[in-house]
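Secondary and tertiary structure notes
Chain by chain, the residues:
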Amino acid sequence: STTGALEAALALVVVLGEGSPAGRPRRQLAAQEGFIPLAVAAMAAHPSHVGVQVRVCAAVLSIVSGMEASDVERKEAAMRAGFVPQASRALEVHAQHARVQQGAC
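Here is a short report on the structure shown in this document. Quick caveat: nothing in here was measured; it's all calculated off a predicted structure.

Focus: the overall build of the protein chain
Check the secondary structure of the protein chain and you find seven helices and zero strands. In the protein chain, the succession of helices and strands from N to C terminus is α-α-α-α-α-α-α. Evaluated residue by residue, the protein chain yields a buried proportion of 37% over its 105 residues. As presented, the protein chain carries roughly 5500 Å² of accessible surface, and 59% of it is formed by carbon and sulfur atoms.

Right, dumping it as structure tokens:
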């Protein structure tokens, strides 16, 4: 459900460790468990909710961070799940919200 994806996104923002090598196994596990498509679905289901857009974008961006082969695979998974168009939509819908514009997407 999108509610479950949102709750997972909130937890993952804390747990993943933005870009740190120590967080790589957790980011890989989140991707393998299908978090990215759920996150994109949560963004699509709640387009007007700033908090959803900010937190889900932060979680997905954390999952795809890095430049190693596995990191690139996660970036490709995010592309396949439709993250880029959904993030673009968030930027358009929330053009006046600094949290979305400056750091979330």
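Right, picking up where we left off after that structure.
Let's talk about the nonpolar core
Among the nonpolar cores identified, the biggest contains 21 residues, and Phe-35, Val-56, Val-60 and Phe-83 are the most heavily contacted of them. Going through the elements one at a time, α3 (35–45), α4 (50–63) and α6 (83–93) are the ones with two or more residues in this core. In terms of residues, this core owes the most to one element, α4, which gives eight residues. Beyond its immediate chain neighbours, meaning those up to four positions away, Phe-83 contacts Val-40, Met-43, Cys-57, Val-60, Leu-61 and Ala-78.

With respect to the packing of α4 against α6
At their nearest, the axes of α4 and α6 sit 11 Å apart, and the two run at 145° to each other. Relative to α6, the crossing made by α4 is left-handed. Here Gln-53, Cys-57, Val-60 and Leu-61 of α4 come into contact with α6, specifically with Phe-83, Ala-87 and Ala-90. The class makeup of the residues in the contact of α4 with α6 is six nonpolar, one polar and no charged.

Rules behind the numbers
Residues numbered from 1 in each chain as written. Predicted model: local features only at pLDDT ≥ 70, side-chain atom pairs only at ≥ 80, totals over all residues. Heavy atoms only, no water. Helix = DSSP H or I, 4+ residues; strand = E, 2+ residues; numbered from the N terminus. Buried < 20%, exposed > 50% of the residue type's maximum accessible area, 1.4 Å probe, protein only. Areas by Shrake-Rupley, 256 points an atom, 1.4 Å probe, with all protein chains shown as cover. Core = buried A, V, L, I, M, F, W, Y, C linked by side-chain atoms within 4.5 Å. Contact = heavy atoms within 4.5 Å. Axes fitted to C-alpha atoms, helices over the stretch in contact; angles between N-to-C directions. Left-handed = near helix turned anticlockwise from the far one by under 90°. Nonpolar A, V, L, I, M, F, W, Y, C, P; charged D, E, K, R; others polar.

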